[in-house]
Amino acid sequence: MTQTARPGFRAALSNRTMQMTLGALAFLAAAAGTSLAMQNGQGVSSADKAAIEQIVRNYILEHPEIIPEAVDRLQAKRMANNIDASRQAIETPYAGAWEGAAQGDVTLVEFFDYACGYCRASLPHLTRLVNEDKGLKIVYRELPILSDDSGDAAKVSLLAADKGRYMPFHRALYEEGKVTRESILKAAVSVGIGRAEAEAAMASNKYDAEIQSNIALAQRLQASGTPTFVVGNQVLNGAVGYDALKKAIEVARKE
């Protein structure tokens, strides 16, 4: 349940699973070596290292089920570090591109594309969450990776954010259904943005830096498409639904 990005967007992620598996195995071996060294109060000799590697290898062969768990834990740790390194950029909205509590104790960030059907399907879940949870802030980040019309929609959306009409435009465009030049302009006019001003935003490069920044952030977070959600130290790819998002919010609130 995830809208797939263009091939170029995924290029940097091609060997992620293999890299994570190898990293997990290296972590297990290093942990065993560190434990033995601490017990002996000295460095690990070549003979000890060979013995450790054999023990780890035998254990993994006997208990292969630990590999997915090790990979998941290592990936979660690395992802948490990635998020922490960019948290301010991720959670600070562009102008008025947010809703909910201005000083919320939990921030949920959605990377989305207006042409993504799964993003549109996720909107009612986000609306329900922000209505129920008075401590939640939702930040929206344009990630127009599906079509040229996506890019036009993102630019007019950011124009709406500048004018304090972000959420009305956001909902109006989704209500239009398919994203086209005319549906974008119709949504803009419906929330009080002039047609000529919206057309000028489409033709402008004013918002290119913001969009490129969002794309770079999404790549850093290993997003596989849209929607991608960031909550606390978690990244959730795809239209994961109300329950999964609510659980992620609860976890973030305890961190």
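Here the structure is shown first, and the text comes after it.
This section reports on the structure supplied with the text. (Residues numbered from 1 in each chain as written. Predicted model: local features only at pLDDT ≥ 70, side-chain atom pairs only at ≥ 80, totals over all residues. Heavy atoms only, no water.)

What to know about the overall build of the chain
Within the chain one finds 11 helices and 7 strands. Of the contacts made within the chain by residues no fewer than 6 positions apart, 75% connect residues no fewer than 24 positions apart. (Helix = DSSP H or I, 4+ residues; strand = E, 2+ residues; numbered from the N terminus. Contact = heavy atoms within 4.5 Å.)

Things to note about the nonpolar core
Residues Leu 108, Tyr 114 and Phe 169 are the most contacted members of the largest nonpolar core, which totals 61 residues. Per-element tally for this core: the top contributor is helix H6 (residues 148-162), with 7 residues. In this structure Phe 169 touches Tyr 114, Ala 153, Val 156, Ser 157, Ala 160, Ile 184, Ala 187, Ala 188 and Val 191, once residues within four positions along its chain are discounted. (Core = buried A, V, L, I, M, F, W, Y, C linked by side-chain atoms within 4.5 Å. Buried < 20%, exposed > 50% of the residue type's maximum accessible area, 1.4 Å probe, protein only.)

Thoughts on helix H11 (residues 242-254)
Along its 13 residues, H11 runs 19 Å from first to last C-alpha, staying within 8% of the 18 Å computed at 1.5 Å per residue. For H11, the set of buried residues is Tyr 242, Leu 245, Ala 248, Ile 249 and Ala 252. Down the axis of H11, the buried set is contained in an arc of 130 degrees. They therefore lie on one face. In this structure, H11 carries Asp 243, Lys 247 and Lys 254 as exposed residues pointing more than 90 degrees from its buried face. Those residues of H11 hidden inside the fold are in contact with strand E3 (106-112), helix H5 (117-132), strand E4 (136-142), strand E6 (228-231) and strand E7 (234-237). (Expected span 1.5 Å × (residues − 1). Arc of directions from axis to C-beta.)

What about the packing of aromatic side chains?
According to the stated counting rule, one finds 6 aromatic pairs in the structure shown. Pairing Phe 112 with Tyr 114 gives two aromatic rings, centres 4.8 Å apart and planes at 90 degrees, and the pair type is edge-to-face. Note on accessibility: Phe 112 and Tyr 114 belong to one class, buried. Plain terms: the ring middles of Tyr 114 and Tyr 174 are 5.3 Å apart, the flat faces sit at 50 degrees to each other, and that makes the pair tilted. Separated by 60 residues along the polypeptide, Tyr 114 in the loop between E3 and H5 and Tyr 174 in helix H7 (residues 166-176) bring together distant segments of the chain. Here Tyr 114 matches Tyr 174 in class, with each residue buried. Each residue in the set Phe 112, Tyr 114, Tyr 140, Tyr 166, Phe 169 and Tyr 174 is aromatic and connected to the rest through ring pairs, giving one cluster. We note Arg 128 situated over the ring of Tyr 242; from NZ or CZ to the ring centre the distance is 3.6 Å. The residue whose ring lies beneath Lys 137 is Trp 98, and the NZ or CZ to ring-centre distance is 4.9 Å. (Phe/Tyr/Trp six-rings, centres within 6.5 Å; stacked < 30°, edge-to-face > 60°. Lys NZ or Arg CZ within 6 Å of the ring centre and 35° of its normal.)

A short note on the pairing of E6
Side chains of E6 alternate between two faces, with Thr 228 and Val 230 and Phe 229 and Val 231 buried alike. For E3 and E6, the ladder comprises 4 bridges, and the chain directions are antiparallel. Pairing of Glu 110 across the sheet is with Phe 229, part of E6. Relative to E7, E6 runs antiparallel, the two sharing 4 bridges. (Pairing = 2+ DSSP bridges.)

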